[in-house]
Structures are given as structure tokens and as C-alpha cells.
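Tertiary structure, described
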Amino acid sequence: MNKRILLSSPHMSGNEQKYINEAFETNWIAPLGPNVNAFEDELANYAGTKEAAATSSGTAAIHLALELLGVGRGDKVFCSSLTFVASANPILYLGAEPIFIDSEEETWNMSPKALACAMREAKAEGKIPKAVIVVNLYGQSAKMDELITICDEYGVPVIEDAAESLGSLYKGKKSGSFGYYGIYSFNGNKIITTSGGGMLISDDVDALARSRFLATQARDAAPHYQHSKIGYNYRMSNILAGIGRAQLEVLDERVKARRNVFDRYVEALGEIEGLHFMPELEGTYSNRWLTALTLDPNIVKVTPYELIDALEGECIEARPVWKPLHMQPLFEGCKFYPHSEDNVVSKRLFEEGICLPSGSNMTAEQQEKVITTLKTQLS
Ligand SMILES: *Cc1c(COP(=O)(O)O)cnc(C)c1O
């Protein structure tokens, strides 16, 4: 009766067991195998890149991408500020220095203006970043053309953190395929899941071969166990890749379902003054992984936290928007470039933002309950 309504829960297709059984029948219970190879091929085909390398998590894929770009101690890496901590943690793993870039209003993602300012200063200081990590928040693609133009001007490669935007489009091309590297996540709360896992994609086939080497303890070609580089244990298991294959088959359906969830929220709540749903930039198609909106504090009398509490009282899970990384204790003292002097967009989005239950398996009845609760609180 009172089943908790979750923000974003796993939604199996029914075909997963078939691939898992194949793995069992052939005894491929390992961090490699036919499902891993097939999942990589199928995902690269979907994303439109030459290749893909399956990893144990999205975080691992970011770590490998940074490593492949030669990021090391003392290097600078630019990263979106408004994101989950996993986008930037690998910068710290490598002993590099994260520098955070603010959002802009139209996509909530990296501000080209702030990025240009950061690049100019970095150049003046004679220390260009080794990479820029651009995040596509809640399924909305960042302004990739503008951002990549700036990065190209300075010769800095882009890592596209598309953990939340698998299935989204930017100008007709798959989100994640714009950077030199792209990464996806299959964590339990993402639009499709393997329970845990990730993918590194690129057109650089040699680099991806190297990523597989690094992800399997960097074992040299020798008859004995020989190692001359630090390696990781970052490959995806053949069982989990089986789940991923079945999930990928229904990805486009899941995108449609999430967009329907978003549309129903807008239809029911769009007229309420002071509510602003996350925009969809012209020429892009968001997977609407999470329906996110802001409450204008000058108009709306409840705060996001009060709303989250009220929803919790009805067994409904809602969350604040990511706390910007430049405001996190972990990154205290790190440089940050705002969108403009007097407008820190990521901070405002954090203070005014809320994410609503958005699962593709949420029933119309459940969503109605969320909407009713919201209407009571907001009226
Ligand atoms: C989920 C997520 C990640 C990390 O993916 P994992 O598979 O959980 O390691 C990275 N970046 C963003 C923006 C995410 O939402």
C-alpha cells in the first residue's frame, strides 16, 4: 500500500536473465568475457563512437580517461562545479588540482563564459589544464559546441561526463560522444543499470586498448607476471555486462518514459508561479533522467528542504540539486570561476533546486500522489 516512491530505481527489462544464464552456462564468471565484448560493441554502436571499454564504474572510467590524457601530480584539470562528487574525485586520485567552472542558466551546465575566463587566466599563468571535464546534468547536454571551441583554441582535450545523459542528444548526435573521451555510468539509480558499472568511449581505439591494459593491473606482455606501470582492477564483470546488454535494448523506451514523467509534472504544476523546470536547450533532446526544478524564494513560500520533508512524510523520495563542488569542504581552497562577478549560477540552482521522483517504472498513480502532495504544499 504505502510503498516508498523512489527518486530513480532500477527498471529491469525482463531479458537480463537470458544473458546472465548464458554467462553461467559457459562459466564466464569473470571481469571479462563474451557479454563484456558484446556490451562494448553494442554501446559503441549506440553512442556512435569507434569503440567502448566497459569498467567497474563511471568513476573508474573518468579515472582512466584522466590517466590516458597524462594527468598527474601538480597538473590542473577544469571540471563543472554543479555535479556529483564522482566527476572530480579522480582528479584527486591522480594528485592533480581541480579548478571548478560555474554553470549557465540555459542548460545548468558549464558556462562557456566562465570557461573562457578560466582558460585566459591559465594561459597567462603559463599553466594550461591537461583536461576539461564537462558534465551533462540530469540528462541535459551542456553547450558542447561552444565549450569544445574554447578547449580547441587552447588545445585542451574534453572528457564528457555523460553518466546522467545516456540516451540524450545534442544536435542529433548522442550525448557523451562529443569529448575526446566520454563516460557513462550504470549505477543502480541511472537511466539504465548493471547494478554498478561504467563505460569509457572514444574514437581513439589505441587509447581504449591502453585503458583495458590499465584496467587489468597493467600486466606487461611477458610469460611471467611483470609490471612496469601502476594498474587498476577496473573491468566490468561478464555477469553485469549481461544485465547491461538487456538494459541497452530498452534504453530508448526508458528515455521516452522519463520524458513522459517530466511532461506530466509540467502539465500538473507548470502554472504555479515561481516554479521553473530545468530547461531543454534548443537543438538538444534530454533523457530527463531526473525532473529538476527551482523554487523562486521571492514567490514560493516553502523552501526545497521543507518540500523534501513534506514529501518524505508521504513516503516519497525527493532530493536537493547537487551541492556545487566549489562549496564542498573536500575542495576547500580550490579555484572557482563564476558565470559572472555577481551571479554564481550553480549556487543559486543548489539553493533553489529540487529533484522529483522520475523513475521510468513509476506508475501514473504514484506520480499523481507526488503531484497532489506538491500541490498541497505549494498552494
Ligand atoms: C553517477 C555519476 C558518476 C559516477 O558514476 P558511478 O558509476 O557511480 O561511479 C559520475 N558523474 C556523474 C555526474 C554521476 O551522476
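Our subject is the structure that appears above.
Residues numbered from 1 in each chain as written. Predicted model: local features only at pLDDT ≥ 70, side-chain atom pairs only at ≥ 80, totals over all residues. Heavy atoms only, no water.

1. Remarks on the environment of alanine 163
Selection criterion: Helix and strand definitions follow DSSP, with helices as H or I runs of at least four residues and strands as E runs of at least two, each counted in order from the N terminus. Burial status follows relative accessibility: with a 1.4 Å probe on protein chains alone, a residue under 20% of its type maximum counts as buried, one over 50% as exposed, and anything between as partly exposed. Note on definitions: a residue-residue contact is assigned when non-hydrogen atoms from the two residues lie within 4.5 Å.
Looking at the secondary structure, you find alanine 163 in the loop between β5 (158-161) and β6 (169-170). We classify alanine 163 as buried; its relative accessible area is 13%. Sequence-wise, alanine 163 and aspartate 263 are 100 residues apart; in three dimensions their C-alpha atoms are separated by 22 Å. Sequence-distant contacts of alanine 163, defined by excluding residues within four places in its chain, comprise Ile183, Tyr184, Ser185 and Lys190.

2. Here's the deal with the site of the ligand
To keep things clear, this is the line we draw: One heavy atom within 4 Å of a molecule or strand makes the whole residue count as near it. In protein, a polar contact means a hydrogen-donor-capable atom and an acceptor-capable atom, both N or O and within 3.5 Å, with residues adjacent in sequence counting only if both atoms are side-chain atoms; elsewhere, any N or O pair within 3.5 Å suffices. Areas reported as accessible are Shrake-Rupley estimates using a 1.4 Å probe. Residue values count occlusion only from the protein chains shown. Residue classes follow a fixed rule: Ala, Val, Leu, Ile, Met, Phe, Trp, Tyr, Cys and Pro count as nonpolar, while Asp, Glu, Lys and Arg count as charged, and any other residue, Gly among them, counts as polar.
Within the structure, the ligand sits among 15 residues, and Thr59, Glu164, Ser185, Asn187 and Lys190 are positioned closest to it. In this structure, asparagine 187 approaches the ligand through a side-chain N or O atom, which is 2.8 Å from an oxygen atom. Coverage of the ligand by the protein chains reaches 94% of its 380 Å² of free accessible surface. Tallied by class, residues from the shell around the ligand come to 4 nonpolar, 8 polar and 3 charged.

3. Structural notes on the sheet that holds strand β11 (residues 284-285)
Strand pairing within a sheet occurs via backbone hydrogen bonds; the two strands may be parallel or antiparallel. Applicable threshold: Two strands qualify as a pair provided DSSP detects at least 2 bridges between them.
Ordered by their spatial adjacency, 3 strands build an open sheet running β7-β6-β11, and the pairing between neighbours is antiparallel. The strands lining the two open edges of the sheet, one partner per strand, are β7 (173-174) and β11.

4. What about the sheet that holds strand β12 (residues 291-295)?
The following threshold applies: Helix axes are fitted to C-alpha atoms over the stretch in contact, other axes to C-alpha atoms as well, and angles between N-to-C directions run from 0 to 180 degrees.
One open sheet holds the 4 strands; their spatial order is β10-β12-β15-β13, and the pairing between them is antiparallel. Looking at which strands have only one partner, the edges of the open sheet turn out to be β10 (275-277) and β13 (319-320). Note: β10 against β12, 3 bridges, orientation antiparallel. Pairing of leucine 275 across the sheet is with leucine 295, part of β12. Across the sheet, helix α11 (residues 345-352) lies against β12 and β15 (353-356), angled at about 55° from β15, the strand it touches most.

5. Overview of the pairing of β5
The two faces of the sheet receive side chains in turn, since in a regular strand these alternate between them. How we decide: Every crossover in which the path from the first strand over the helix to the second runs clockwise, viewed with the strands pointing away from the viewer, is termed right-handed.
Burial along β5 is two-sided: Val158 and Glu160 and Ile159 and Asp161, pointing in opposite directions, are all buried. For strand β4 (residues 131-135) and β5, the ladder comprises 4 bridges, and the chain directions are parallel. Pairing of valine 135 across the sheet is with aspartate 161, part of β5. The β-α-β motif built from β4, the intervening helix α6 (residues 144-154) and the parallel element β5 has right-handed crossover chirality. As defined by bridge partners, β5 adjoins strand β8 (residues 181-185) across 3 bridges and the pair is classed as parallel. Bridge pairing in β8 links glutamate 160 to glycine 182.

6. Some thoughts on the packing of aromatic side chains
As a reminder of what qualifies: Pairing of aromatic side chains here covers Phe, Tyr and the six-membered ring of Trp, requires ring centres within 6.5 Å, and sorts the geometry by plane angle: under 30 degrees stacked, over 60 edge-to-face, intermediate tilted.
All chains considered together, the criterion is met by 9 aromatic pairs. Where tyrosine 138 meets tryptophan 289, the ring centres are 6.2 Å apart and the plane angle is 25°; that geometry is what we call stacked. Taken together, the positions of tyrosine 138 in the loop between β4 and α6 and tryptophan 289 in the loop between β11 and β12 put the pair 151 residues apart, joining distant regions of the chain. In terms of burial, tyrosine 138 and tryptophan 289 fall into one category: buried. Note on tyrosine 180 and tyrosine 181: the rings are 5.1 Å apart at their centroids and 75° apart in plane angle, and the pair reads as edge-to-face. Given a relative accessible area of 40%, tyrosine 180 falls into the partly exposed group. Using a relative accessible area of 2% as the deciding quantity, one classes tyrosine 181 as buried.

7. Concerning the nonpolar core
Rule in force here: We define a nonpolar core as any set of buried Ala, Val, Leu, Ile, Met, Phe, Trp, Tyr and Cys residues linked to one another through side-chain atoms lying within 4.5 Å. Domain delimitation in this document rests on an assignment produced automatically or drawn from a domain database.
Membership of the largest hydrophobic core comes to 35 residues, with the highest contact counts inside it found for Leu43, Tyr138, Leu166, Tyr184, Phe186 and Met199. Only α2 (34-47), β1 (51-55), β9 (198-202), α8 (238-249), α9 (251-269) and α11 provide two or more residues apiece to this core. Among the elements that line this core, the one with the most residues is α2, at 6 residues. Per-domain counts for this core show at least three residues from each of domain 1 (16-250) and domain 2 (252-378). Setting aside residues no more than four positions away along its own chain, methionine 199 makes contact with Phe39, Glu40, Leu43, Ala52, Ala53, Ala54, Thr55, Ala61, Gly182, Ile183, Tyr184 and Phe186. Counting 31 residues, the second largest nonpolar core, distinct from the first, contains Ala65, Leu69, Val71 and Phe100.

Function-wise, these values are silent; they only describe arrangement.
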